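Structure at a glance
As a plain string of letters, each chain reads:
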Amino acid sequence: MSAESKSFYLTTPIYYVNDAPHIGHAYTTVAGDVLTRWHRQRGESVWFLTGTDEHGQKVLNTAGANGTSPQEWCDRLVEEAWKPVWSSLNIAYDDFIRTTEPRHMERVQRFLTGLKEQGHIYAGKYEGPYCVGCEEFKLPGDLDEGRCKVHGTPVEMVSEENWFFRLSAFVPQLLEHYKDHPEACEPASARNEVIAFLESGVQDLSISRSSFDWGIPVPWDLKQVIYVWFDALLNYATAVGLGDPVDSEGGKKFARTWPADVHLVGKDILRFHAVIWPAMLMAAELPLPKKVFAHGWLLVGGEKMSKSKLTGIAPADITDHFGVDAFRYYFLRAIPFGSDGSFSWEDMAARYTSELANDFGNLASRLIAMIEKYCDGAIPALAHDATLEAALATASAHADTAIVALDFQGGINAIMDFCKRVNGYVTEQEPWVLAKDPSNKAALDAVLYNTAEAIRALAVLLHPVMPATTETLWSSLGADLTLGPIGAQSIGKVAQWGQLPAGSKVTKGAVLFPRLEEKAD
Ligand code: MSP
């Protein structure tokens, strides 16, 4: 298989279905959607996986508390909450995996059997604290007066005969891996944390539970179910055909897709992804993911926003007011990816008005109105402006470098700075003044052409972030009929000036970002 045909493969965590999604979950998934849309527009073949983590005590307890079976509970939440929320946010995933699906469960069992045959699994006894919220066996340093530091809830004391994975055996190899491939765990603060954890002495991992049965049975010991994290981490590989014969559909998919290029995770689940998961792959002699990127938390009142602390905000609470695209834009624009950030209605309203409604939306509607008024609604003849063209070339190159490196804020800033330049250009050129004297018609046409071209480029560059709004703008420019669908526009060619053909008709579309006070509350 040639390197060219390998897909850019990105995953989000698979989410626990103990509740409906909140904006913390949406933050990760939107970031994944923006990044995969960006790579698609770079002309790459892309595979974007998300899904749900359905086994374990947390989901079992929640289903019980709601008087249903865990399977019914998961089916309901996936169909009525998770999938509809992703669709409302315009998430274009290629596959949605559920850990209760046979395609996953069978491959997990086969994988585990393989590890046992290779001597990586042994029987032992686990005794110690367990946090059901984290679904994690805890170390003394993870606790604060007997409570989990993440959830603030008391831990359970577990004492069980379990199957263990020889995690400790892989510590030297993992340290070597991060020394040789620092890009495999980012940002640097996350990598340092992982290295410190590895150096502090890692113990073997209990990978089965015997006190409940909501999980994948251990194939050789049916009284035990596989530990939910061991089951869950494997989704990234089972979803693309892990362990299938090389010439089968699954085997071919695996060759095209694995290893993952980016696992996007929140910083709270870093250790699972940067320690346990690569060790599992090392044990199975499979290639390691190229990058685990740990983003920060959305905070409310200085703490991680979460449903269990009753601080969860549903995406619809925000999108009902600001619209879906402003939601997608805001968090990536306002918070450096990798740092924590506080959500504030005031900050979001301020950015909505200044950056989206004024800088971008108004620019587009003024341009369309002027072309309608001064040019009979037809894009004027091709023109050039060296400064604007150079600014676009720089902005698109910066944006590409930043976004590919998961610096969404840097990438969006580069694009929005260009948007400001275009506004500056219109203000300086004063087309409404030129329009007063018919002898200036050529100059007026040139200003309007240059502005339209700049807006064409802005629409293409912002499409991964704001797909619906930019599509509306694209058809207002008449570009869907002349240049084809906006999603097919190449990032690599966006700075080539002169793509909008003269004579194509513009139409006044819906206001891209309506004034907030005009909305009924
Ligand atoms: N099921 C596990 C993941 C298994 S992946 C093999 C899990 N699920 S989760 O639903 O609890 O969280 C999933 C993701 O949502 C994590 O990356 C987590 O960091 C993220 N977030 C949950 N709350 C968040 C915030 N308040 N802010 C940002 N991200 C947050 O963990």
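This write-up is about the structure you can find in this document.

1. Comments concerning the overall build of the chain
- Regarding its fold elements, the chain presents 19 helices and 18 strands.
- Taking 24 Å as the expected radius of gyration for a compact globule of 521 residues, we find that the chain reaches 26 Å, a close match to that expectation.
- Seen along its three principal axes, the alpha-carbon backbone of the chain occupies a region of about 90 × 55 × 40 Å.
- Relative to its full complement of 521 residues, the chain shows a buried share of 56%.
- Taking all contacts inside the chain whose residues are at least 6 apart in sequence as the whole, residues at least 24 apart take part in 77%.
- For the chain, the accessible area works out to roughly 21000 Å², and carbon and sulfur atoms hold 53% of it.
- Charge-centre separation for the chain: the mean point of 46 positive side chains lies 2 Å from the mean point of 66 negative side chains.

2. Thoughts on helix H17 (residues 441-462)
- Over its 22 residues, H17 runs 31 Å from end to end, which matches the ideal 32 Å to within 8%, given 1.5 Å per residue.
- For H17, a buried count of 18 out of 22 residues is recorded, marking the element as mostly surrounded by other parts of the structure.

3. Describing the site of the ligand
- By nearness alone, 24 residues border the ligand, and Ile 14, Asp 53, Gly 266, Asp 268 and Leu 298 come closest of all.
- At 2.8 Å, a backbone N or O of Leu 298 approaches a nitrogen atom of the ligand.
- Contact distances for the ligand include 2.8 Å between a nitrogen atom and a backbone N or O atom of Met 305.
- In isolation the ligand exposes 660 Å². Once the protein is present, 96% of that is buried.
- Broken down by secondary-structure element, the contributors of at least two residues to the shell around the ligand are strand S1 (8-16), helix H1 (23-41), helix H7 (228-233), helix H8 (235-238) and strand S14 (262-266).
- Across the shell around the ligand, the residue classes break down as 13 nonpolar, 8 polar and 3 charged.

4. Some words on the sheet that holds strand S8 (residues 156-165)
- With respect to topology, 4 strands assemble into an open sheet ordered S5-S4-S8-S10, the strand pairing being antiparallel. Strands with a single pairing partner mark the edges of an open sheet, and in this sheet they are strand S5 (136-137) and strand S10 (205-206).
- For strand S4 (residues 121-131) and S5, the ladder comprises 2 bridges, and the chain directions are antiparallel. The residue of S5 that forms the bridge with Tyr 130 is Phe 137.
- Each of S5, S8 and S10 touches helix H10 (residues 270-283); the most contacted strand, S8, lies at about 30° to it.

5. Brief notes about the packing of aromatic side chains
- Here the structure, examined in full by the defined rule, presents 29 aromatic pairs.
- Arranged with centres 5.8 Å apart and planes meeting at 20°, the rings of Phe 165 and Phe 170 form a pair that is stacked. Both residues of the pair, Phe 165 and Phe 170, count as buried.
- Judged by centre distance (6.0 Å) and plane angle (85°), the ring pair of Tyr 352 and Phe 513 falls under edge-to-face. A residue pair is termed long-range when its members are at least 10 positions apart, and Tyr 352 in helix H13 (residues 345-375) and Phe 513 in the segment after helix H19 (479-482) qualify at 161 residues. With respect to burial, Tyr 352 and Phe 513 carry one shared label: buried.
- Stacked on the ring of Trp 220, the Lys or Arg Lys 116 has its end atom at 4.8 Å from the ring centre.
- For the cation-ring pair, Lys 253 lies above Trp 47, with the distance from its terminal atom to the ring centre recorded as 3.1 Å.

6. Structural notes on the pairing of S14
- Of all 5 residues in S14, 5 are buried, a share of seventy percent or more.
- Here S14 shows two buried faces, one formed by Val 262, Leu 264 and Gly 266 and the other by His 263 and Val 265.
- Relative to S14, S1 is paired through 2 bridges, and the arrangement is parallel. Within S14, the position partnered with Leu 10 by the bridge is Val 262.
- Judged from the 4 bridges that link them, S14 and strand S15 (residues 292-295) form a sheet pairing that is parallel.

7. Focus: the packing of helix H12 (residues 324-334) against helix H15 (residues 408-429)
- Direction vectors running N to C along H12 and H15 enclose 110°, while the axes themselves pass 7 Å from each other. Comparing their axes, H15 and H12 come out roughly perpendicular. Contact residues: H12 offers Tyr 329, Leu 332, Arg 333 and Ala 334, while H15 offers Phe 408, Gln 409, Ile 412, Asn 413 and Met 416.

8. Observations regarding helix H14 (residues 386-404)
- With 19 residues, H14 ought to run about 27 Å at 1.5 Å a step, and its terminal C-alpha atoms sit 27 Å apart, in line with that.
- When we look at burial in H14, the residues that qualify are Leu 388, Ala 391, Leu 392, Ala 395, Ser 396, Ala 399, Asp 400, Ala 402 and Ile 403. Across the axial projection of H14, the buried residues extend over an arc of 170°, all falling on one side. Exposed side of H14, more than 90 degrees from the buried face: Ala 386, Thr 387 and Thr 401 are the residues found there.
- For H14, the elements touching its buried residues are H1, H15 and H17.
- Residue Leu 406 follows H14 closely and has a positive phi angle near 65°.

Criteria and thresholds
- Residues numbered from 1 in each chain as written.
- Predicted model: local features only at pLDDT ≥ 70, side-chain atom pairs only at ≥ 80, totals over all residues.
- Heavy atoms only, no water.
- Helix = DSSP H or I, 4+ residues; strand = E, 2+ residues; numbered from the N terminus.
- Rg over C-alpha atoms; globule rule 2.2 N^0.38 Å.
- Buried < 20%, exposed > 50% of the residue type's maximum accessible area, 1.4 Å probe, protein only.
- Contact = heavy atoms within 4.5 Å.
- Areas by Shrake-Rupley, 256 points an atom, 1.4 Å probe, with all protein chains shown as cover.
- Lys, Arg positive; Asp, Glu negative; His and termini not counted.
- Charge placed at Lys NZ, Arg CZ, Asp CG, Glu CD.
- Expected span 1.5 Å × (residues − 1).
- Near = heavy atom within 4 Å.
- Polar contact = N/O pair within 3.5 Å; in protein donor to acceptor, adjacent residues only side chain to side chain.
- Nonpolar A, V, L, I, M, F, W, Y, C, P; charged D, E, K, R; others polar.
- Pairing = 2+ DSSP bridges.
- Axes fitted to C-alpha atoms, helices over the stretch in contact; angles between N-to-C directions.
- Phe/Tyr/Trp six-rings, centres within 6.5 Å; stacked < 30°, edge-to-face > 60°.
- Lys NZ or Arg CZ within 6 Å of the ring centre and 35° of its normal.
- Parallel < 35°, antiparallel > 145°, perpendicular 65-115°, else oblique.
- Arc of directions from axis to C-beta.

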